[in-house]
Amino acid sequence: MSERNQELYDAIIRGDRKTVQAEVEKAIADKRPVVDLMNGSMIPAMREIGARFARNEAYVPEMLIAARAMQTGLNLIEPLLAEAGHEPRARVCLGTVKGDLHDIGKNLVGMMLKGAGFAVDDLGVDCDVAKFEAGVGRGANAVLCSALLTTTMPYMKTVVEHFKGQGVKVIIGGAPVTQKYAEEIGADGYGADANAAVSAVETVLGLV
Ligand code: B12
């Protein structure tokens with residue numbers, strides 16, 4: 001279990017970007033493992049703001065400023081995770097599916113994949129089949145779809161069906177997505193978090 005940095009956790013929840021920046025910079029200067037920072041403090045803070053939203057104790061603006069504060073911290077961490085200029089192990093494209101604007105989890109998945117030596121074509125949010133297709137056109141060996149809403153999750157099935165028989169692997173994830181759902185819609189892989197996303201890509205592309 002990663003230790004919690006309470007200052008950082010609280011700062012994300014109240015959307016205090018200055019404190020988030022200061023705490024992350026301090027941790028980096030102290031050579032604390034950044035993955036612990038994410039798993040112990042930053043991701044749990046986002047989970048907590050979501051739980052407050054579900055209890056009507058926080059609203060969309062609070063979620064939004066928390067998300068911005070989270071992204072401020074992730075931007076500082078990203079360069080440390082990215083590997084310096086080696087030949088990529090494979091190329092993947094990654095996007096949040098049509099109708100869905102949540103991108104923090106997707107960004108984390110992208111960061112971890114880059115850190116693990118993959119070339120990542122980030123397609124952004126609200127991606128329809130044409131956007132994923134364009135990613136494949138640019139050389140992606142696998143398509144990664146993220147969804148955070150139960151209403152946008154079914155679009156993953158559309159993506160899976162589109163790529164069936166094309167030799168392109170589709171891997172899915174996001175808070176409401178499960179292994180069972182991945183099997184149900186015929187996706188090639190599933191990951192519960194950013195580390196699992198790396199394992200899923202390695203497995204699906206036969207790299208392990
Ligand atoms: C921040 C947030 C927002 C922000 C998003 C900002 C941004 N830039 O992302 C804003 C304010 C815009 C927002 C808007 C809305 N939101 Co919102 N949001 C959240 C919140 C609080 C946090 C999400 C997050 O960043 N989590 C942290 C990251 C790190 O976790 P993650 O995304 O799950 O990603 C991890 C894994 O899932 C996995 N993963 C993710 N993607 C992928 C992909 C692959 C391929 C793999 C393998 C793995 C993987 O790895 C990641 C890293 O570990 C959640 C609550 C929650 N508990 O999730 C609600 C939540 C998702 N939102 C919700 C709702 C209802 C909405 C709105 C409809 C609210 C409204 N009334 O307008 C809108 C919809 C907007 C839209 N069209 O998308 C609900 C969804 C309910 C449901 N059952 O569908 C939630 C669950 C809140 C709740 N408890 O009710 N939201």
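For clarity, every value in this text was computed on a predicted model and none was experimentally measured.

Our focus in this paragraph is the domain arrangement of the chain. Domains assigned within the chain are domain 1 (6-81) and domain 2 (91-204). Computed over C-alpha atoms only, the centres of domain 1 and domain 2 are separated by 24 Å. For the pair domain 1 and domain 2, the summed buried area comes to about 830 Å², and 73% of that belongs to carbon and sulfur atoms. Linking domain 1 with domain 2 are one salt bridge. For Glu-78, the salt bridge goes to Lys-114, with nearest N and O atoms at 2.8 Å. Applying the counting rule to domain 1 against domain 2 returns two residue pairs in polar contact (both at pLDDT 80 or more). Sorting the residues of the side of domain 1 that touches domain 2 by element identifies helix 3 (34-54) and helix 4 (60-81) as the ones contributing at least two each. At seven residues, helix 4 tops the list of elements feeding residues into the side of domain 1 that touches domain 2. Its residues assigned to classes, the side of domain 1 that touches domain 2 shows nine nonpolar, two polar and one charged.

Below, the discussion takes up the coordination of the cobalt atom of the ligand. Ideal values differ by geometry: the angle at a metal is 109.5 degrees with four tetrahedral donors, but 90 or 180 degrees with six octahedral donors. Exactly one donor from the protein chain reaches the cobalt atom of the ligand: His-102 (NE2), at 2.3 Å. Residue placement: His-102 occurs in the loop between strand 1 (91-97) and helix 5 (104-115).

The backbone phi angle of Asn-56 is positive, close to 60°, even though this residue is not glycine. Within the secondary structure, Asn-56 is located in the loop between helix 3 and helix 4. A positive phi angle is found at Asp-126, which is not glycine, with a value near 55°. Inspection of the secondary structure assignment puts Asp-126 in strand 2 (residues 119-127).

Procedures and definitions
Residues numbered from 1 in each chain as written. Predicted model: local features only at pLDDT ≥ 70, side-chain atom pairs only at ≥ 80, totals over all residues. Heavy atoms only, no water. Domains from an automatic or database assignment. Buried area = accessible area lost by both parts, 1.4 Å probe. Salt bridge = Lys/Arg side-chain N within 4 Å of Asp/Glu carboxyl O. Polar contact = N/O pair within 3.5 Å; in protein donor to acceptor, adjacent residues only side chain to side chain. Helix = DSSP H or I, 4+ residues; strand = E, 2+ residues; numbered from the N terminus. Nonpolar A, V, L, I, M, F, W, Y, C, P; charged D, E, K, R; others polar. Donors = N, O, S within 2.8 Å, 3.2 Å for Na, K, Ca; no water.

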